[in-house]
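Overview (structure and organization)
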Amino acid sequence: MALLNPPRLITFSPSLTIPLTRDCPWHCAYCGYRRDREGLMPEARFEELLATARKGGATEILFLAGEASDAMPHLRAALKARGFDDFVAHVRWACERALEAGFLPHTNIGAMSPRDFERLAEVNASMGLMLENIDDAFNRTVAPQKSAQGRLRTIEAAGRARVPYTSGILMGLGESRESRLRSLDALAALHARHGHLQEIILQNFIPNEGSRLGSVPQAPALEDYLELIEHWRRVAPGVAIQIPPNINPHWEALLPWTDDLGGISTDGDWVNPLNPWDPPERYAAACRRHGMELRHRWPVYDAYVDQGWISPRVAAVIRARDGGTRPGPDDVRRPHLPADPLTRALRGESLSVEETLRWVQADGSAHDEIRDAADALNRRLHGEVVTYVVNRNANFTNVCTTHCSFCGFYRPPGHPEAYTRSVGAVVERVLQTPWVTEVCLQGGIHPDLGLDYYEELLRALKRALPGVHLHAYSPMEIHSLCLKSGLEPRAVLERLREAGLGSVPGTAAEILDDAMRDQLSPDKLRAAEWEAIIEAAHQTGLRSTATVLFGHRESWEDLIRHLDRIRSLQRRTGGFTEFVPLAFVPYRNRLGGALAREAGVSPEALAEAGAERVERLYPLARLFFGEEIPNLQTSWVKLGPERAAAMLRSGCNDFGGTLYEESITRESGGRFGECMTPVEIETAIRSVGRIPRQRTTLYGVPA
């Protein structure tokens with residue numbers, strides 16, 4: 001199958017560079033930019049460059065300077081003569097002039113303090129500083145005044161100030177492979193904390209007039225770039241990779257792995273003056289040869305605009321420019337076309353059922369594109385953090401009269417393995433794990449248990465563990481209590497809430513289609529009844545999860561329309577905390593046996609075949625729900641810890657709970673046990689490069 005949204009986009013920013021000063025007290029051996037006594041750019045020349053930018057169609061003004069400009073006495077004197085207290089005040093003035101002229105400033109003036117960011121963030125669309133290399137022992141051989149830790153402090157200060165930021169590494173100076181990888185790891189760690197790196201540059205050194213390095217040990221090979229790109233995708237997925245085409249001999253070969261070509265400046269590359277950029281149309285033609293499209297972007301990426309990271313002054317310039325047209329790679333003015341569905345999903349916009357269904361059969365690179373988009377959206381919403389809850393299940397009865405074909409847990413009344421525990425016995429079992437923050441009560445639909453039992457169970461648990469959150473009673477159980485008591489759902493839920501109920505599991509949803517429900521569990525409540533009970537719970541102030549049972553007889557249309565009903569309900573109530581896809585376990589239940597016989601395969605083969613649906617549904621669910629249901633939970637008890645962890649790169653941000661007494665899946669032949677400890681969960685989360693964090697049931701921070 002072809003890519004869903006061909007051609008793949010590569011971006012660039014039409015820009016013009018204004019070097020506010022090239023004077024610098026530092027003497028880096030590789031630099032062709034620095035000067036000793038050139039001084040500040042004359043104001044008349046500054047205005048000329050703004051006019052040039054206007055004629056050339058630039059949208060970005062890149063402001064450059066040497067390091068530590070305030071340390072040079074002649075610059076301090078020149079600043080004072082112009083009425084500026086320091087160099088940052090001069091930079092702010094320049095950015096304000098650019099904004100007034102309708103341009104978006106991007107400032108890179110060396111190491112900065114948190115106070116500098118406070119002064120400049122309001123007047124910049126984005127900012128940047130290259131880390132270059134984390135190895136200070138190596139740095140002292142080529143840039144003795146530079147400190148990697150000092151540069152990391154600047155990059156972290158940008159994150160704390162919520163400044164969309166560009167950084168990167170400098171290659172080809174004789175640095176080690178290991179230091180390149182460690183440099184990327186350091187940048188990824190900062191981004192994991194603050195989420196502010198919109199792109200990194202893999203920049204190679206080439207000798208320039210003025211640089212004291214006339215030769216280098218060996219220029220980076222194509223394989224070096226591919227290794228670094230693969231590493232960066234793993235440690236910081238979703239953060240764009242920029243390859244400067246004017247200095248990188250491999251730039252065209254790297255296009256399939258490149259996101260961005262950087263700022264293509266009409267007045268040349270002031271850092272590499274012997275290597276100016278070609279016209280954008282040359283790069284656009286190369287992109288077309290590889291089945292790609294080169295497209296304009298702002299110096300601040302759209303996701304940061306959408307999330308409110310920019311000041312009102314910068315936003316006003318973007319609105320003014322976006323209200324008309326954007327220059328294309330061939331500098332032809334054309335209408336700004338609507339974004340493709342994946343781009344809209346990344347911005348948090350709604351997708352239709354039809355759009356999502358078109359993605360269902362994606363394979364190869366198209367499937368990878370969907371998965372990567374889901375991961376990028378998840379990281380925009382949650383960064384690198386993956387949550388989990390320390391909870392336990394407590395089963396009070398396995399007696400049930402609904403006879404669901406997919407269930408191996410239930411026993412009919414009178415069965416020798418049937419049990420119904422007293423309230424005291426349930427409390428005693430729960431007290432075996434007094435450290436949990438949540439207890440999830442699960443039971444069958446017992447014909448003789450009335451509302452009084454359910455209330456007393458909640459009260460007794462609250463008396464025994466007053467701080468624990470009680471997550472209990474599915475819509476099917478509520479439906480049964482309504483029939484027994486003669487009360488409406490809201491009245492039943494209000495009584496249970498008064499007894500201590502904290503939230504409701506959104507199980508018993510299966511597939512919200514009555515024809516499908518008739519095949520799976522004909523004695524269960526109807527789809528509309530499930531929705532009505534969940535809506536009543538939300539109106540009562542009780543939050544709930546939302547679930548789907550998949551991997552049995554359902555079609556993809558059944559699944560996506562199920563998601564649509566969940567989303568519609570969320571839009572009415574806003575009460576869902578998370579969406580939990582539950583993979584069907586086929587080993588010990590009537591449905592698994594029937595499906596295996598019909599297909600002529602073993603239950604094990606059925607389970608493995610369901611893995612493909614697992615890998616497709618998770619990213620589709622993330623993109624379909626977007627910000628409307630922000631939490632997507634994987635299920636280690638259904639998938640196993642390793643496969644569940646893999647889903648954390650497909651849009652999931654939650655690992656579920658410790659469980660401690662899981663019986664529902666186990667009784668259907670589940671292969672992955674009844675419990676994972678917090679240490680085991682955190683290890684699984686870290687195995688895919690994410691950061692574990694314990695949560696409460698309602699996604700708060702545990703006391």
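Before reading further, recall that the structure is shown in the block above.
Bear in mind that the values here come from a model prediction, so they are computed numbers and not experimental data. Residue indices follow the written sequence of each chain, beginning from 1 at its first position. Per-residue local features are limited, in this predicted model, to residues with pLDDT of at least 70; the limit for side-chain atom pairs, both in listing and counting, is 80 or more; totals at the level of whole chains, interfaces and linings are taken over all residues. Water and hydrogen atoms were dropped before computing side-chain values, which therefore reflect all heavy atoms in the structure.

Each helix and strand counted, the protein chain has 27 helices and 20 strands in total. Both definitions apply: the radius of gyration is a C-alpha atom measure, and the globule rule equals 2.2 Å times residues to the power 0.38. For a compact globule of 703 residues, the expected C-alpha radius of gyration is about 27 Å, and the protein chain comes in at 30 Å, within 12% of that figure. Judged by the C-alpha coordinates and their principal axes, the protein chain covers about 95 × 50 × 50 Å. A separation threshold of at least 6 residues defines the contact pool for the protein chain, and within that pool the share at least 24 residues apart is 75%. On the protein chain, roughly 27500 Å² of surface is accessible, and the fraction owed to carbon and sulfur atoms is 51%. Side-chain charges of the protein chain comprise 81 positive and 91 negative groups, with the mean position of each set lying 2 Å from the other. Segments assigned H or I by DSSP are reported as helices when at least four residues long, segments assigned E as strands when at least two residues long, and all are numbered from the N terminus. Whether two residues touch is decided by their heavy atoms; if any such pair falls within 4.5 Å, the residues are in contact. Using the Shrake-Rupley algorithm and a 1.4 Å probe, accessible areas are obtained, with residue cover drawn only from the displayed protein chains. Charge counting follows a simple rule: Lys and Arg are positive, Asp and Glu are negative, and His as well as the terminal groups are ignored. For the purpose of locating charges, the reference atoms are NZ of Lys, CZ of Arg, CG of Asp and CD of Glu.

Turning to the state of the cysteines, a few remarks are in order. By disulfide we mean two sulfur atoms from cysteines, separated by a distance within 2.5 Å. Tallied over the entire structure, the rule returns zero disulfides. Lacking any disulfide linkage, Cys 652 is separated from the closest cysteine sulfur, that of Cys 440, by 19 Å.

Two pairing modes exist for strands in a sheet, parallel and antiparallel, and in both the strands are linked by backbone hydrogen bonds. What makes two strands pair is DSSP finding at least two bridges between them. Spatial ordering of the open sheet is given by β19-β12-β20, a layout of three strands whose pairing is parallel. Edge positions in the sheet fall to β19 (654–657) and β20 (691–695), since each of these pairs with one other strand and no more. For this sheet, the mean inter-axis angle between neighbouring strands, taken without regard to orientation, is 25 degrees. Judged from the two bridges that link them, strand β12 (residues 385–389) and β19 form a sheet pairing that is parallel. The partner of Val 389 across the bridge, within β19, is Gly 657. Along the sheet face, helix α27 (residues 678–686) touches β12, β19 and β20 and points at about 160 degrees away from the line of β12. The axes are straight lines fitted to the C-alpha atoms, using for helices just the contacting stretch, and the angles between their N-to-C directions are given from 0 to 180°.

With that settled, consider unusual backbone geometry. Unusually for a residue other than glycine, Ala 68 sits at a positive phi of about 50 degrees. Residue position: Ala 68 is located in the loop between β2 (60–64) and α2 (73–81). Only protein chains enter the accessibility calculation, which uses a 1.4 Å probe; a residue whose area is less than 20% of its type maximum is buried, one above 50% is exposed, and one in between is partly exposed. Taking the relative accessible area as the measure of exposure, Ala 68 reaches 33% and is therefore partly exposed. Positive phi, normally seen in glycine, also occurs at Arg 162, with a value near 55 degrees. Classification of Arg 162 as partly exposed rests on a relative accessible area of 42%.

Salt bridge, as applied in this entry: a Lys or Arg side-chain nitrogen positioned within 4 Å of an Asp or Glu carboxyl oxygen. Under the definition given, this model contains 53 salt bridges. Taking the shortest distance from any N to any O, the salt bridge between Glu 510 and Lys 524 comes out at 2.4 Å. Residue Glu 510 is found in the loop between β16 (503–504) and α19 (514–520), and its partner Lys 524 is found in the loop between α19 and α20 (527–540); the two are separated by 14 residues along the sequence. Here the two residues Glu 510 and Lys 524 agree in accessibility, since each one is buried. Look at the salt bridges and you will find they share partners, linking Arg 92, Glu 96, Glu 122 and Arg 313 into a network.

Across the seven residues that make up strand β5 (residues 165–171), a large majority, seven, are buried. Alignment of β5 against strand β6 (residues 197–204), held across seven bridges, turns out to be parallel. Across the sheet, the residue bridging to Tyr 165 is Leu 197, located in β6. For the crossover that starts at β5, traverses helix α7 (residues 177–194) and ends in the parallel β6, the hand is right-handed. The definition of a right-handed crossover adopted here requires that, viewed with the strands pointing away, the path from the first strand over the helix to the second runs clockwise.

A few words now on the nonpolar core. We call a set of buried residues a nonpolar core when its members are Ala, Val, Leu, Ile, Met, Phe, Trp, Tyr or Cys and they connect through side-chain atoms within 4.5 Å of each other. Formed by 111 residues in total, the largest nonpolar core has its most connected members in Leu 441, Tyr 473, Leu 496, Trp 530, Leu 623 and Phe 655. Apart from residues no more than four positions distant in its own chain, Tyr 473 is found in contact with Phe 396, Leu 441, Tyr 454, Leu 457, Leu 458, Ile 478, Leu 496, Val 504 and Pro 505. In terms of nonpolar packing, the next biggest core, distinct from the first, is built from 87 residues, Leu 99, Ala 125, Ile 134 and Leu 255 among them.

The subject of this paragraph is the pairing of strand β3 (residues 104–108). Buried residues dominate β3, accounting for four of its five residues. Pairing of β2 with β3 involves five bridges; the strand directions are parallel. Looking across to β3, one finds that Leu 62 is bridged to His 106. Of the pairings in the sheet, the one linking β3 to strand β4 (residues 126–128) comprises two bridges and is parallel in character. Looking across to β4, one finds that His 106 is bridged to Ser 126.

Quick look at the environment of Arg 97 now. Looking at where Arg 97 falls in the secondary structure, it is placed in helix α3 (residues 87–100). Judged by relative accessible area, which is 21%, Arg 97 ranks as partly exposed. Taking the C-alpha atoms as reference points, Arg 97 and Leu 377, 280 residues apart in sequence, are found 35 Å from one another. The residues contacting Arg 97, other than those within four sequence positions of it, are Phe 46, Glu 47 and Leu 50.

Turning our eyes to something else, we now look at the packing of aromatic side chains. Two rings from Phe, Tyr or Trp (for Trp, the six-membered ring) form a pair when their centres are within 6.5 Å of each other. A pair whose planes differ by under 30 degrees is stacked, one over 60 is edge-to-face, and the rest are tilted. In total, this model carries 14 aromatic pairs according to the counting rule given. Members of the aromatic cluster, connected to one another through ring pairs, are Phe 46, Phe 63, Phe 84 and Trp 93. Counting as a charge over the ring demands two things of the Lys NZ or Arg CZ atom: a distance within 6 Å of the ring centre and an angle within 35 degrees of the ring normal. Positioned above the aromatic ring of Tyr 419, the side-chain terminus of Arg 421 is 4.2 Å from the ring centre. One residue, Arg 567, lies across the ring of Phe 624, its end atom 3.8 Å from the ring centre.

Here the focus is the packing of helix α1 (residues 43–56) against α3. Helix-helix packing is characterised by the crossing angle of the two axes and by the distance between the axes. One way to put it is that α1 packs onto α3 with a least axis distance of 11 Å and a crossing angle of 35 degrees. Considering only the axes of α1 and α3, their crossing is right-handed. On α3, the residues touching Glu 43, Phe 46, Glu 47 and Leu 50 of α1 are Trp 93, Ala 94, Arg 97 and Ala 98. Residues are grouped as follows: Ala, Val, Leu, Ile, Met, Phe, Trp, Tyr, Cys and Pro are nonpolar; Asp, Glu, Lys and Arg are charged; every other residue, Gly included, is polar. The residue inventory of the contact of α1 with α3, partitioned by class, reads five nonpolar, no polar and three charged. Left-handed describes a crossing whose near helix is turned anticlockwise from the far helix by less than a right angle; the clockwise case is right-handed.

Between α20 and helix α21 (residues 556–573), the shortest axis-to-axis distance is 10 Å and the interhelical angle comes to 30 degrees. Considering the angle they form, α20 stands roughly parallel to α21. The way α20 lies across α21 gives a crossing that is right-handed. Contacts between α20 and α21 involve Ala 527, Ala 528, Trp 530, Glu 531, Ile 534, Glu 535 and His 538 from the first element and Arg 565, Ile 566, Leu 569, Arg 572 and Thr 573 from the second. Any angle between 65 and 115 degrees counts as roughly perpendicular, while under 35 counts as roughly parallel, over 145 as roughly antiparallel, and the rest as oblique.

The set of residues buried in helix α18 (residues 489–499) consists of Pro 489, Val 492, Leu 493, Leu 496 and Ala 499. Projected onto a plane normal to the axis of α18, the buried residues spread over an arc of 115 degrees and lie on a single side. Residues of α18 that are buried sit in contact with α16 (451–464), α17 (475–485), β16 and α20. Positive backbone phi, at 130 degrees, marks Gly 500, one or two positions downstream of α18. This arc is built from the directions going out from the helix axis to the C-beta atoms.

No statement about biological role is implied by the geometric values presented.
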